[in-house]
Structure formats: structure tokens, C-alpha cells
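# Coordinate inspection notes
What follows is each chain in one-letter form.
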Amino acid sequence: MSPLVPVVPPRAGPLEARMAELTGRRVPFVKATVVRARRPASARPGDTALVLADGRIEGFVGGVCAEATVRVQALRTLRDGESLLLRISPEEPADGTGEPVVEEGAVSVRNPCLSGGELEIFLEPLRPAPRVLVFGESPVARALLGFGPALGYGITPVSGADMLDTPGAEALAGTRAVVIASHGRDEEQALLSAVRAGVPYVGLVASPRRGAAVLAGLAHELDEEQRARVRTPAGLWIGARTPGEIALSILAEVVRSVRSPVTEAVETEKAEGAQVIAPVAVAAIDPVCGMEVADSPATTPYSDAGGAGRQWFCCPSCREAYEKDPVRYARVRAETEAGAS
């Protein structure tokens, strides 16, 4: 009888390890995978890259011009949370307008800088589940925890040791909401920690009178604007009475905060951990080739030449062409804008 040979699972590559690291740190990113390539595209099916919230790309899905288009569309999927099939071609889209052709679940983009070939890239945004911390052990707190699996939110109980011994941004990094339902036990310090850490939603479970008294007592610690950020009584008014109904009203308010365009921020990594930042803008137009590019100094070539304000480019070659004659491209841009109006 032949000896059994143990099956050794394949070792995760650097990109898989990086994905696991980002996921463990609750850092959102987009996984971009080439699913089809027509020569002479440099990428091949199966090539993969990660696009971070600040526009950085790790991995390979094509040259710098293809990366510029991937970056713009990936940042949109990260903001919207919807997967997308991206088709990139140097040729005009089927409608002949030169504008991206948007279909359900797909977008076709003309990239005039490509040296030929076509790419189809699947963009999958991987965002951490919204993190909601519940402080207290009241019936409302227990009811809140029960809704976590149904919502797909990371609703987690925290005690005084969790929140009060390590107050501030470090303990609450990446937290989207803090609900304080301790009925008077250590709630002032918990409120201070959540508000000072900039948590988008801070709710205090209390009657209107007691909630107002708690906030008034914090006037020497928090200014008026900071106190106004605390929702008390926590929750939308739906006539709730039972702990379950009150928890439902609070989570409805949390969902509204999470889905708000103002507070739906994304995280990017730093050496010390994750920090909540505003999404990178994606509305800049390369004045040389007309491509849409990400407005991100960390990842996108730019130039201040010509006195027309900062200009953004898909690649260094377009920037070099612009800097040789910025007046020409400023004139073309003005004529184009005049024609559009």
C-alpha cells in the first residue's frame, strides 16, 4: 500500500496575502481582474490588481493608460459598492459619441492612449461591513445586537474597559456608529470618546429631558457643534415602545447615516492604522487626450504650467505634450467648452 501523501494547499501569493491584510484591517479596496484581453494588450486574462481608496494600484492589469481608466472606474465602484465589468478599447463606442457607454453592470470606455487591443476587467469592491459599537447592557442594547446578522453590519458590544480605557480615534478607527444604551452608567465618557474620535453617528438612548441634561453637563468638554452631533433620543420617530422597536428605530437612523453621501466615507491605510477620508474625486479631464482621470496627486500625473490651474493627465506622455505648449491646449479646451454650451 502506497504511503499517503499529505495534500499541501497552494501558498498564497503576495496579492492574496495583501488582500487578507487589508480585509483584516477593515481597509476597503477594489479587486480588478482581467477576464478578457485582445492583443496587443499587455495584460492577460487572470492578471489582477488591487485599487485602494486613494487611487494607488497594486498588481498589474495593463500599462499606465489602462491603469488610468481602471483607477477612475474602480473608485466609482468603491463609492457605489456595485461590481462592474469594465470594457476598455481605443476605438469609438458603438454609439459613436465618444462618451462611456453605460449598461446594467457594465461600462465601455474609449481610451485613445491605448496602443491597440482591448481589455475587459471585472471590478469587485470589497468594503468592510459597517462597524457599529453598542455601549451598555440594557434590553435595548441586547436588541440592537440581535439585528447584526440580518443587516450584515458588524454590531459589536463594548464595555467600559473597551471604550473608556483607550478613548479616542485609535480605539474607534473605522467605526461608523456608536450607540450608548447604558442608562446612565459611564455614558458621559463614552460620549466624549465617540464625538472626539469623529464617529459619524453617535446616539444616546435616553428620554428627551435626560438626554438634554446629559449634553448640558458636557458643555465644558464639547462645544455646541459637537453636542449637536449627538442624537438623543437616539432613533427615528416611529412610535417605538418595546426594546426591539426602539432598537429598530435606532438602526434605521444608523442606516440613513451610513448611506448618506456626506458621511459615506471610505478608509485608506496609514502606517499607524486606518483613517477615514473623503473619496478621491474622479471628474478631471486630460486636456491632451480627453480621457477622464482621477484627481489624485498621489497617483495621477499633473502640471501647473500655463496658468490655467492644475491639469491632470492619464500618463506622463500627455503631461509632456501639454507642457510643451500649454496655451494650445488651453485654447482647444476653451473652444470645446464654448461649443458644448
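Residues numbered from 1 in each chain as written. Predicted model: local features only at pLDDT ≥ 70, side-chain atom pairs only at ≥ 80, totals over all residues. Heavy atoms only, no water.

Among the nonpolar cores identified, the biggest contains 22 residues, and V61, V70, L86, L119, I121 and L123 are the most heavily contacted of them. At the level of elements, β1 (29-38), β2 (48-52), α2 (64-80), β4 (84-89), β6 (106-110) and β7 (118-126) are the ones that each hand at least two residues to this core. Here this core takes four residues from α2, the largest share from any one element. In this view, L86 contacts T69, V70, Q73, V107, V109, L119, E120, I121 and L123; residues no more than four positions away in its chain are not counted. The next biggest cluster of nonpolar side chains, apart from the first, holds 20 residues, and it includes I180, A206, V214 and L215. (Core = buried A, V, L, I, M, F, W, Y, C linked by side-chain atoms within 4.5 Å. Buried < 20%, exposed > 50% of the residue type's maximum accessible area, 1.4 Å probe, protein only. Helix = DSSP H or I, 4+ residues; strand = E, 2+ residues; numbered from the N terminus. Contact = heavy atoms within 4.5 Å.)

So, about the side chain of T69. Within the fold, T69 resides in helix α2. Beyond its immediate sequence surroundings of up to four residues, T69 is in contact with L86, I88, V109, N111 and M291.

Counting buried residues along strand β8 (residues 131-135), four of its five residues qualify, which places the element largely inside the surrounding structure. Pairing of β8 with strand β9 (residues 154-158), which is carried by five bridges, proceeds in the parallel orientation. Its bridge partner being in β9, L133 is matched across the sheet by T156. Of the pairings in the sheet, the one linking β8 to strand β10 (residues 175-180) comprises five bridges and is parallel in character. Looking at the pairing, V132 lines up with A177 of β10. (Pairing = 2+ DSSP bridges.)

With that settled, consider helix α3 (residues 139-146). Listed in full, the buried residues belonging to α3 are V140, A141, A143 and L144. Buried residues of α3, seen end-on, are gathered within an arc of 160 degrees and therefore sit on one face of the element. Projecting away from the buried face of α3 at angles above 90 degrees are the exposed residues R142 and G146. Contacts made by the buried residues of α3 are with β8, α4 (148-151), β9, β10 and α10 (243-259). (Arc of directions from axis to C-beta.)

The next thing to look at is the confidence of the model for the chain. When pLDDT is averaged along the chain, the result is 81, and 81% of the positions lie at 70 or above. When pLDDT is averaged over each helix and strand of the chain, the minimum, 40, is found for strand β13 (residues 266-270) and the maximum, 95, for strand β11 (residues 201-204). Below pLDDT 50 for its whole length, residues 262-279 participates in 50 contacts with residues either more than four positions away or in separate chains. (pLDDT = per-residue confidence, 0-100.)

Position of C65 relative to the elements: it lies in helix α2. In the structure, C65 is positioned 46 residues away from N111 in sequence and 7.6 Å away in space, judged by C-alpha atoms.

A few words now on the packing of aromatic side chains. A full pass over the atoms with the stated rule returns two aromatic pairs. Centroid distance Y302 to W312: 5.3 Å. Interplanar angle 50 degrees. Geometry classified as tilted. Pair noted here: Y302 is in strand β17 (residues 302-303) and W312 is in strand β18 (residues 311-312), with a separation of 10 residues, a long-range link. Judged by its relative accessible area of 29%, Y302 is partly exposed. Look at W312 and you get buried, because its relative accessible area is 8%. Measuring from centroid to centroid gives 5.3 Å for F313 and Y322, while their planes differ by 50 degrees, and the two rings are tilted. When sorted by exposure, F313 lands in the same class as Y322, which is buried. (Phe/Tyr/Trp six-rings, centres within 6.5 Å; stacked < 30°, edge-to-face > 60°.)

Right, let's get into the sheet that holds β1. The strand order across the open sheet formed by seven strands is β3-β2-β1-β7-β4-β6-β5, and the pairing between neighbours is mixed. Every other strand in the sheet has two partners, leaving β3 (57-59) and β5 (101-103) as the edge strands with one partner each. When the angles between neighbouring strand axes are averaged without regard to direction, this sheet yields 20 degrees. As paired strands, β4 and β6 are joined by five bridges and run parallel to one another. Bridged to L85 within β6 is A106. Sitting on the sheet, helix α1 (residues 14-24) is in contact with β1, β2, β3 and β7, with an inclination near 30 degrees to β2. (Axes fitted to C-alpha atoms, helices over the stretch in contact; angles between N-to-C directions.)

Before going further, it helps to examine the side chain of S138. Position of S138 relative to the elements: it lies in the loop between β8 and α3. What makes S138 buried here is its relative accessible area of 6%. Of note is the side chain of S138, whose polar atom sits 2.8 Å from the backbone oxygen of A181. Those residues within four positions of S138 in sequence are excluded, and the remaining contacts are A181 and H183. (Polar contact = N/O pair within 3.5 Å; in protein donor to acceptor, adjacent residues only side chain to side chain.)

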